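Coordinate analysis (summary)
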Amino acid sequence: MSYMRLLIVVAAAGLLSGCFVSKTPLFTPADADYPIADGARFTVWKIDPLGKRIDGAPDHLTVTRDGADYVYTLQDEKPVKGLTDDIGNGFFIALSRDMTKPGETSYALFHNTGTKWLRYAPVCSDFARLAAEHGKSRADFHIEPSGNDCAFKTYADLKAAMMFEARYGTPNAEYVAE
């Protein structure tokens, strides 16, 4: 299984309250990577802060293509569209757009550890606490408040915040190809 394949699958799970967002996508299909085969399926496990799977049944995600977009379908939920970008060293940023909410794009970070993909889907308030614990603030990442969300205007700022999250935070899901 391709490491990028798993990354795309987890993007659908990034649609959380208080997440990392932008008003317009911070990268486009021209900048995106397309490693996932049409129809790929993944088992998605929630994990605790120690990296252990949380008891309970896993979710299942299917990834298909629709033109330049991936379509992420998690269980019986309404599908969302998105893209992924390889930012190096096994890290990928995935964006997702809920087509019923135009003007908002959500982001998650994925890390390929060799046998699994770990998803970081930062919650804005948790990120602010994590940043403060390490002598930073949301302003250091040029984050603008947007309700409960952390809003970004540039891709460089989003990448910096995501890599900070990867360094000091913990992943919240594990994706395994079926």
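Now for a quick tour of the structure. Every value quoted in this text rests on a predicted model; they were computed, and no experiment measured them. (Residues numbered from 1 in each chain as written. Predicted model: local features only at pLDDT ≥ 70, side-chain atom pairs only at ≥ 80, totals over all residues. Heavy atoms only, no water.)

Our next topic: unusual backbone geometry. Residues other than glycine seldom take positive phi values, yet Asn89 does so here, at roughly 55 degrees. For Asn89, the location among the structural elements is in the loop between strand E5 (80-88) and strand E6 (91-97). Residue class for Asn89 comes out exposed when judged on its relative accessible area of 75%. Positive phi, close to 60 degrees, is recorded for His142, a residue that is not glycine. Within the secondary structure, His142 sits in the loop between helix H2 (124-133) and strand E9 (144-146). (Helix = DSSP H or I, 4+ residues; strand = E, 2+ residues; numbered from the N terminus. Buried < 20%, exposed > 50% of the residue type's maximum accessible area, 1.4 Å probe, protein only.)

Quick look at the nonpolar core now. Across soluble globular proteins, nonpolar side chains have a tendency to be buried as a group. Counting 25 residues, the largest nonpolar core has Phe20, Phe27, Ile93, Tyr107, Phe127, Phe152 and Leu158 as the members making the most contacts within it. Looking at this core, the elements that each hand over two or more residues are E6, strand E7 (105-112), H2 and helix H3 (155-168). The element contributing the most residues to this core is H3, with 6 residues. (Core = buried A, V, L, I, M, F, W, Y, C linked by side-chain atoms within 4.5 Å.)

This paragraph deals with the state of the cysteines. One pass over the full model with this rule turns up 1 disulfide. Put simply, Cys124 and Cys150 are joined by a disulfide, and their sulfur atoms are 1.9 Å apart. Its S-S torsion of about 80 degrees marks the bond between Cys124 and Cys150 as right-handed, since a negative value means left-handed. In this pair, Cys124 is assigned in helix H2 and Cys150 in strand E10 (residues 149-151), connecting sequence segments 26 residues apart. Of the two residues, Cys124 and Cys150, neither departs from the other in class, the shared state being buried. Free cysteine: Cys19, not disulfide-bonded; nearest cysteine sulfur from Cys124 at 8.9 Å. (Disulfide = S-S within 2.5 Å.)

Purely spatial values, then, with no claim about function.
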